[in-house]
Every structure is written in structure tokens, then in C-alpha cells.
Amino acid sequence: MSLQSGLDALKQERYQEAVKLLEQFCRNCVERDSPDYLSAQMSLIKAYQGTGEIEKAKVLCQKLMMSENPQARSWAEQASQSFRQTPATQSNASQKASRAATTGIKLTMGGVGGSLTLASGVTMTLLFGMVFALGLSLVFILGSDDPLQGLAIAIGITLVFNIAAFFLSPFLMDLTQGWLYQTRWIQLAEVENLSPETAKVIRQICQEKKLKTPRLGIINDQNPTAFTYGSLPNSARLVVSQGLFTYLDDDEIATVYAHELGHIVHWDFAVMTVASTLVQICYLIYSTARRFGRGGDSKIKDAMQTAALVAYVFYVLGTYLLLYLSRTREYFADHFAAESTGNPNGLSRALVKIAYGILEEGSRTQEPSRLIEGTRALGIYDHKAAASTGTAYRIASDTQKIGRVFLWDMFNPWGWWMELNSTHPLTGKRVRALSAYAEQLGLPTEFDMGRVIGEGKTLSKSKLYGNFFLDVVLYGAETIGFFIGLLMGVILWSSSPNTGLVLGAPLMGLGIGIVVKALVMFPNYQQAPKTDILTLMSDPYASPLRGQPAKLEGQLIGRGDAGYKFGSDLKIQDRSGMLYLHYASRFGPIGNFLFGMKRVQSLIGEQVETVGWFRRGIAPWMDLIQLQSKNGTIVNSYHRFWSFILGGGSIILGVVLTMFLSSR
């Protein structure tokens, strides 16, 4: 797509067409410092203003103000003045909910997040106990004649691992951050130039809590994020990305820094460092015991296999304890930020804008961000949850539309179920807690969560929970079918000995389970309604199991597989948001690889119409059925095909096996 066609459309005031052409040119342009790219960016700002997308124009202008090209930087600084005169911008600013006149007012959490001290204490005690027990058992297994000596060795091993991890991990993280993301360490004065209120908040909190100013870092990446790590509060690191300053306003940036300082004050980074190490030690013991359990003396071999099994169970339990602790510390860091800044509404806006920024940056690149993927557990926001919130904010800065997306987070039982595997609480729950803090301060709330909660109470409980409990069963339909078949086979075999039934019935049960699950997951799509991404994401009844047939029109903007050059999944964008499309070849994994290697790149940038089954989890997605581009290219996907092949094949194999063995 040529730059000139976009410039011509802009000159003739065909703004919608200009946006489309210029965005496509920018995505396909390899040299981001070239004059053509910078010219396209400047023209795109004008086109956004022409379509009324002031927020997008403002974000892009802020990016150009940080350009290394002096002419582009000067132009952007002049253009930024126009936003201050734009009525739409003034209107959005006036809609900002206010903040408290003073800071430091104590806010009650009302049961949100539980007890941080209890969560940390219980988690650490259990994890330490697990590692200690495993270390002790391994020492005994390896033949210590003196139990007391074995006990001392086990304690020593555990302590050495933990102490080394506690003190060395920050330096190892420094090396990793510098290598992967080129982290640049800066002084507080530079932060003050970028966000004056942030510097004020850092000084205030450090003075009140008698902390040394953390080592401050910045990563030159436009995906907005922030994270903290270290071993002791006075040697902590607080790192943010450049995108935080691009997408957030001054007071919102300050609340993000306050949130991260809350982690330092609460020693969260130290607790998580040790807890993560303990979980990894469990896995290390599991892998070591499994390896030693493959040969040698039968007594030692059996003991090692038992130790490996126990270690793996401890590893799984430890992982979920770690996730629970991670979610709890996020609630308490939000609470700390609300108290120390008196601006819970600012943090609510920051969370939503961070989601929007992640979504925007994802729409401009063909590959997912390595920074966002690599710092998922550390960051202030789980990028997997950004699609729904970011989509709502993107279509309009309308708090009611954003609030409707939160219905799923707060009322759908799948939200609670999916959250168990997440490092962060769902966004809707965090915003609800922050809104409660605003109410305690006597402030109007940024997002009318009272309205959202009122609407949530009118939702059909039978539809929410009836489907959920049935779907949980259906999730394990294959396993349930297998064991029912096995049980029936054993019962029939006891009355009429037939080896075929014992072997064939479980396979038939497995196949029936697969088919039943497929019928629920992939319903008839012939009458799939035409809709948009925001409407799908606003459905409070959406499920990760029950596919919702839908038809979308939009542009394919990149791959959906993080860091995978030949990924077969795609990202589609319409005027309301972005969604991942999951592709399945009729030839299985090999077909997926070949499709990703040979065809995906040629499809990126195409305007398409897609049909698929929409699903909602922490991250929403659509299982693709068919994709048709404007130039006639058709792509078919075969999710249901493989389910029926595997299910039908298992049933047929079970029947054949039963008949064959019965005839002998």
C-alpha cells in the first residue's frame, strides 16, 4: 500500500479511508526512522482528528514528541497544542472523577483480597515445609546412616538454596532485563521531567516510610507496564516502560508508581522471590528424582519414583499458592496507592488505559510484545485480560460501555474459575475495590460500578450457574466417558468374561465423551449473527466452553502466537476492538505449521469476513470456521472436524476391539 494514496485521501478529506491506508502503510514499513514513516505518522494524526478519534491522535502525537528526529519532534510539540483547544478533549477531561484533597486517609478494604500477612505467612510456611520434607526424604533415600545428620543436611540444602536465591536474584534480573529489554537506569530528575506528580509521590512515600529511593529504570517500549523486583526494600528496582508516559496522564502515572512502591513497602517482591524459588525447587527435586528413579536398585528406584510423584504434587499445589499470593498482593498494592495518593479514580483510569495501550500497540505490530509476555507475572496488569477492557475504552471513553465489560469479571462463575490460573485479579474486581475506596473518600467514582452491580443482580442465575456446573462436567467429558466405559466393561466382564469389553468399552466411552463435548463446544453456525467485537465481549454469559457462533468483518493485523514466527493464529481488528482467531488445520499440527509458514504473512493486512465460535476466558478468542478476504481468498478451519474424527475413531476402535476379542 503506497504512502501517496493515504496522503491523497487525507488531502481530499476522506478521513476514514486515509486512516485505513496510513495505518496499513505504518504497519508494513520496516524502517521506523525513515522520512516516509514519520510523514505517515504525522498525516495519521491529522486523519485521526478528522475522524474524531482524538485519543488516538493524542497518543500518536506523544510518541512523535519522543522521536529522535528533531523535525518530527518539533512538529509534534506544535501539534500537541491543538489538543488543548479541542472541545472533545476538554469534554473528556471534565468527565474525570475527582480526587481527595488530602492524602494518607485510612481506607478499609472490606474483605477485598483477604489478609496479606496471613496469605504470605501461610504460603511461605507451606512451601518451605514442602521443600524441607522433600529435601529430607531425598537425603534419607540416598543412604544417610545418621538421621540427625540427614536432618542437618536437609536444613542446610534448603537454607542455601533460599538464601542464594534471595540475594542473587535481583542481580540476575538486572542482567536479564538489560539483555532482553535494554533497561536504562535513570535519576529521579528525569522521572520528574516526564511526570512531575510522580516524582512528588516517590519523595513523599519514601520519606514517610523511611525508604531509600528505588533504583529507577525505563524500557524503550510503547507497551505500557510497570514492575518491581529485588530482595530488600532499600535495594529494590522499579522499572516502567516508555508507553506508561505515552498512554497515561500525569496523575495516573503517579498512582501506578505508588502501586509499585506499595509492593516495596509490603516486601512483596522479596516474598515472591523466595516463594517462586521454593516452587522451582519442588520442580527441580521432581525432575531429579524422576531421572534417578529410572534404574538401579529396585528399592531406591521405587523410593525415587514416589519422591518424584510427591514433589510434582507439591509443585502443582505450590504454583496455585503462588498465584493466590500474587493476586492478594495486587489488591493490597492498589489499596496502598489509593491511600498514599488519595486518587483511587486515577488508578482505575490507569488500569483501563494500560489495557487500551496494550491493545493499541498489539494492533500496530504483527508479533506480540516480548516485554509484555516476559513480565506477565511481574507487571501491574495481566496483558491476557487487556482485550476486553481495552476494546471497551477504544471504541469510546464511555464509562458505561467499559462497565458492561466488567459484568463478566464480577458475576460470571467462569471468571472466578479462570482467575485461579492468573497472577492478577480480574480488572473488574480491582476497579470495583478502587471505586469503594473513592466512595469512602466521598468522591464520585470514575466508573459507575453501582450501576454495573445493579445490572449484575438482574442477570439470570440459572443461566449463569446452571450452564457453569454442567460445563465443568462437560470439560471432563472424555475422562468421565472413559471411566464410565471402564466401569461398565468390568461389570459386564464379571458376569460374562469377555476381555474385549474391558478394553473396548473405555474407548467407546472416551469417544462418546469427545463427541458430546464437541456438540456443545461447536454448535450449528449456519445462522451466525453479524456482530462486532465489543458486543461479544460485553456478553456476561459468555463461556470458554460453549461456543457462540458469530460473524465479524475487519482487518487481519498480525499473528496471535507470542514470539512464534510461524504461528498459525491471527489477530482481527474491527472498529470496536481486536480479537484473536484460533486456526486448526485438517492435517493437525503439521498443517498448522505449514499454514503459519506459508499463508499467514500473505493474509495480514487483508479486509476479511470471518465466521467462528466466540469464547471468553481471561483472554477472549474465536475458534475460526471460515475466513474470506475481499479478493476472494478463502481459508477454512477444522476444529469440529478433528473432534468428530477423534471421537468417532475412538468409538469405532472400541467396537472393533470388542468384537474381535469376543470372537476369539
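Given the structure is predicted, the values throughout are model-derived calculations rather than measurements.

This part is about the overall build of the protein. Along its length, the protein carries 28 helices and 10 strands. The burial tally for the protein puts 53% of its 664 residues in the buried class. When contacts within the protein are restricted to residue pairs at least 6 apart in sequence, those whose partners lie at least 24 apart make up 71%. Of the roughly 29,800 Å² that the protein leaves accessible, carbon and sulfur atoms contribute 61%.

Turning our attention to the environment of T306. Note on placement: T306 falls in helix α14 (residues 298-341). By relative accessible area, T306 is classed as partly exposed at 48%. In this structure the C-alpha to C-alpha distance between T306 and Y286, which are 20 residues apart in sequence, comes to 9.7 Å.

As a further point, take the pattern of salt bridges. Scanning the entire structure with this criterion turns up 18 salt bridges. The shortest N-O distance in the salt bridge between R349 and E252 comes to 2.8 Å. Of this pair, R349 sits in helix α15 (residues 344-364) while E252 sits in helix α12 (residues 250-265); the two residues are 97 residues apart in sequence, bridging distant segments of the chain. Like E252, R349 is buried. R430 is the partner of E330 in a salt bridge, and the nearest nitrogen-oxygen pair spans 3.6 Å. Taken together, the positions of E330 in helix α14 and R430 in helix α20 (residues 427-440) put the pair 100 residues apart, joining distant regions of the chain. You'll find E330 and R430 in the same group, each marked buried.

This part covers the sheet that holds strand β3 (residues 226-229). As summarised here, the arrangement of the 4 strands in space is β1-β2-β4-β3, forming an open sheet in which the pairing is mixed. Strand pairing shows two members of the sheet lacking a second neighbour, β1 (184-186) and β3, which therefore form its edges. Averaged over neighbouring strand pairs, the angle between their axes works out to 30° when direction is ignored. Each of β2 (215-219), β3 and β4 (237-241) touches α12; the most contacted strand, β3, lies at about 20° to it.

This next bit is on helix α10 (residues 196-208). In an α-helix there are 3.6 residues to a turn, and that puts residues three or four apart on one side. If you check α10, its first and last C-alpha atoms are 19 Å apart, about what 13 residues at 1.5 Å a residue would give, namely 18 Å. Here α10 has its buried residues at E197, T198, A199, V201, I202, Q204, I205 and C206. Phi for K210, located one or two positions after α10, is positive at around 55°.

To continue, consider the pairing of β4. In terms of burial, β4 is a largely internal element, 5 of the 5 residues being buried. Of the two faces of β4, the one holding R237, V239 and S241 and the one holding L238 and V240 are both buried throughout. Summarising the sheet, β2 and β4 pair through 5 bridges and their orientation is parallel. The residue of β4 that forms the bridge with L216 is L238. Pairing of β3 with β4 involves 4 bridges; the strand directions are antiparallel. Paired with Y229 across the two strands is R237, which belongs to β4.

Turning our eyes to something else, we now look at the nonpolar core. Residues L244 and Y257 are the most contacted members of the largest nonpolar core, which totals 69 residues. Among the elements that take part in this core, α15 stands out by supplying 8 residues, more than any other. L579, F595, I604 and L627 belong to the second-largest nonpolar core, a separate cluster that totals 30 residues.

Time to look at helix α3 (residues 35-51). Counted at 1.5 Å a residue, the expected span for α3 with its 17 residues is 24 Å, and the 24 Å between its end C-alpha atoms agrees. Count one or two residues on from α3 and you reach G52, which has phi positive near 85°.

Turning our eyes to something else, we now look at unusual backbone geometry. Positive phi is not limited to glycine here, since Q182 has a value of about 55°. Inspection of the secondary structure puts Q182 in the loop between α8 (147-181) and β1. The class for Q182 is exposed, based on a relative accessible area of 52%. Here W267, not a glycine, exhibits a phi torsion of approximately 60°, which is positive. Here W267 is to be found in the loop between α12 and α13 (268-292).

Our next topic: the pairing of strand β9 (residues 621-629). Of the strand pairs in this sheet, strand β7 (residues 577-582) and β9 are connected by 3 bridges, and their pairing is parallel. Bridge pairing links L581 to M622 in β9. Across 8 bridges, the pairing between strand β8 (residues 607-615) and β9 is antiparallel. Each bridged residue has a counterpart across the sheet, and for V611 the counterpart in β9 is Q626. Once β8 ends, the chain turns through 5 residues before running back antiparallel as β9.

On to the packing of aromatic side chains. By the definition in use, this model includes 15 aromatic pairs. Both rings, one in Y247 and one in Y356, keep their centres 5.9 Å apart while their planes meet at 85°; by these two values the pair is edge-to-face. Residue Y247 is located in helix α11 (residues 243-247), and its partner Y356 is located in helix α15; the two are separated by 109 residues in the primary sequence. Each of the two residues, Y247 as well as Y356, counts as buried. Taking the centre distance of 5.7 Å and the plane angle of 90° together, the rings of Y525 and W613 count as edge-to-face. A residue pair is termed long-range when its members are at least 10 positions apart, and Y525 in the loop between α24 (499-521) and α25 (533-537) and W613 in strand β8 qualify at 88 residues. Residue Y525 is classed as partly exposed on the basis of its relative accessible area of 24%. The class for W613 is buried, based on a relative accessible area of 2%. An aromatic cluster is defined as three or more aromatic residues linked by ring pairs; in this entry it consists of W414, W416, W417, F468, F469 and Y475.

In this model, the protein carries a mean pLDDT of 80, and residues with pLDDT of at least 70 account for 80%. The model gives residues 84-94 a pLDDT under 50, and that stretch makes 7 contacts with residues more than four places away or in other chains.

To continue, consider the packing of helix α2 (residues 15-28) against α3. As a packed pair, α2 and α3 sit with axes 9 Å apart at the nearest point and diverge in direction by 150°. As the angle between them shows, α2 and α3 are arranged roughly antiparallel. At the point where α2 passes α3, the crossing takes the left-handed sense. Across from Y15, Q16, A18, V19, L22, E23, F25 and C26 in α2, the residues of α3 making contact are D36, Y37, A40, Q41, S43, L44, A47, Y48, G50 and T51. A breakdown of the residues in the contact of α2 with α3 according to their chemical character gives 11 nonpolar, 5 polar and 2 charged.

On to the side chain of Q242, then. With respect to the secondary-structure elements, Q242 resides in the loop between β4 and α11. Q242 sits in the buried class, given a relative accessible area of 10%. With near-sequence residues (within four places) excluded, Q242 lies in contact with M66, I218, I219, N220, D221 and Q222.

Analysis parameters
Residues numbered from 1 in each chain as written. Predicted model: local features only at pLDDT ≥ 70, side-chain atom pairs only at ≥ 80, totals over all residues. Heavy atoms only, no water. Helix = DSSP H or I, 4+ residues; strand = E, 2+ residues; numbered from the N terminus. Buried < 20%, exposed > 50% of the residue type's maximum accessible area, 1.4 Å probe, protein only. Contact = heavy atoms within 4.5 Å. Areas by Shrake-Rupley, 256 points an atom, 1.4 Å probe, with all protein chains shown as cover. Salt bridge = Lys/Arg side-chain N within 4 Å of Asp/Glu carboxyl O. Pairing = 2+ DSSP bridges. Axes fitted to C-alpha atoms, helices over the stretch in contact; angles between N-to-C directions. Expected span 1.5 Å × (residues − 1). Core = buried A, V, L, I, M, F, W, Y, C linked by side-chain atoms within 4.5 Å. Phe/Tyr/Trp six-rings, centres within 6.5 Å; stacked < 30°, edge-to-face > 60°. pLDDT = per-residue confidence, 0-100. Parallel < 35°, antiparallel > 145°, perpendicular 65-115°, else oblique. Left-handed = near helix turned anticlockwise from the far one by under 90°. Nonpolar A, V, L, I, M, F, W, Y, C, P; charged D, E, K, R; others polar.

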